[in-house]
Amino acid sequence: MKNFVVKTIANAGALAVAVWLLDKITLTGDSTGKEAGTLILVALVFGVVNVLVKPVVQVLTFPLFILTLGLFTLVVNALMLLLTSWLAGKLDLSFHVEGFWTAVLGGLIVSVVAWALHVVLPDED
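Residues numbered from 1 in each chain as written. Predicted model: local features only at pLDDT ≥ 70, side-chain atom pairs only at ≥ 80, totals over all residues. Heavy atoms only, no water.

1. Regarding the environment of Phe72
Note the threshold: Helical segments are the DSSP runs of H or I of at least four residues, strand segments are the runs of E of at least two, and each set is numbered from the N terminus. Relative accessibility decides the category of a residue: with a 1.4 Å probe and only protein chains considered, values under 20% of the type maximum give buried, values over 50% give exposed, and everything between is partly exposed. Contact definition: two residues touch when any of their heavy atoms are within 4.5 Å.
Inspection of the secondary structure assignment puts Phe72 in helix H5 (residues 72-90). Judged by relative accessible area, which is 16%, Phe72 ranks as buried. For Phe72 and Val104, which are 32 residues apart along the polypeptide, the C-alpha to C-alpha distance reads 10 Å. Not counting chain neighbours up to four residues away, the residues in contact with Phe72 comprise Thr61, Leu64 and Phe65.

Spelled out as structure tokens, the structure:
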């Protein structure tokens with residue numbers, strides 16, 4: 001359970017950095033507390049998308065991973081971020097990613113920051 005909480009916090013932090021750095025990734029709320037709550041919920045949605053959808057997409061696009069020497073990972077991460085944005089809209093969460101190229105850059109930012117946070121945060125169950 002602790003591992004799940006740590007990963008969710010890391011994802012929330014990574015998404016917060018992407019929102020802060022990119023103008024076309026937006027997160028709105030009435031107050032800082034509501035924005036933080038929305039960010040945690042979006043991080044949960046992002047985690048579910050990465051656990052359920054991403055492995056299927058990676059298996060289906062495996063030849064592209066080999067052909068591009070792994071660079072296709074950027075596209076898959078962008079698609080997962082766009083799917084999270086779409087699901088957040090359906091769940092009435094105020095998180096939006098505008099455009100594919102913004103999602104590519106956002107996915108790169110989220111990946112790097114999440115990796116750095118996972119290195120720093122404890123990872124015990």
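Read on, since the account is not over.
2. So, the nonpolar core
Nonpolar side chains in soluble globular proteins tend to be buried together. Just so we agree on the cut-off: Here, nonpolar core means buried Ala, Val, Leu, Ile, Met, Phe, Trp, Tyr and Cys residues that are tied together by side-chain atoms lying within 4.5 Å of each other.
In this structure, Leu15, Ile25, Val76, Leu81, Phe95, Val97 and Val110 are the most contacted members of the largest nonpolar core, which totals 31 residues. Of all elements in the fold, only helix H1 (2-21), strand E1 (25-27), helix H2 (32-52), H5, strand E2 (95-97) and helix H6 (100-120) reach the threshold of two or more residues within this core. Excluding residues within four positions of it along the chain, Val97 makes contact with Lys24, Ile25, Leu81, Leu82, Ser85, Thr102 and Ala103.

3. With respect to the layout of surface pockets
The following threshold applies: Only protein atoms enter the 1 Å grid, on which a cavity is a set of points fitting a 1.4 Å probe that cannot get out and a pocket is an open set with protein on both sides within 12 Å along at least 5 of 7 lines, lining residues being those with an atom within 4 Å of a point. Grid points are joined across faces, edges and corners, and a volume is the space filled by probe spheres set on the points.
Put simply, the largest pocket is a space of about 410 Å³. Contributing to the lining of the largest pocket are 22 residues, with Lys7, Asn11, Phe46, Gly47 and Asn50 lying nearest its centre. Taken together, the elements giving at least two residues each to the lining of the largest pocket come down to H1, H2, H5 and H6. Looking at the lining of the largest pocket, the element that brings in the most residues is H2, giving eight residues.

4. Digging into the packing of aromatic side chains
Both the distance between ring centres and the angle between the ring planes are used here to describe each pair of aromatic rings. For clarity, the threshold we go by: Note on aromatic pairs: the rings of Phe, Tyr and Trp (six-membered ring only in Trp) are paired at centre separations within 6.5 Å, and the planes decide the class, stacked below 30 degrees, edge-to-face beyond 60, tilted for the rest.
Applying the stated criterion across every chain yields a total of two aromatic pairs. On the numbers, 5.2 Å between centres and 75° between planes, the contact of Phe100 with Trp101 is edge-to-face. On the basis of relative accessible area, Trp101 is assigned to the exposed category, the value being 66%.

5. Digging into the pattern of salt bridges
Convention followed: Note on definitions: salt bridges are taken to be side-chain nitrogens of Lys or Arg within 4 Å of carboxyl oxygens of Asp or Glu.
The final tally for this structure, using the stated rule, is one salt bridge. For Asp30, the salt bridge identified is with Lys34, shortest N-O distance 3.4 Å.

6. Quick look at the side chain of Asn11
Relative to the helices and strands, Asn11 is located in helix H1. Setting aside its immediate chain neighbours within four residues, Asn11 contacts Ala43, Phe46, Gly47 and Ala114.

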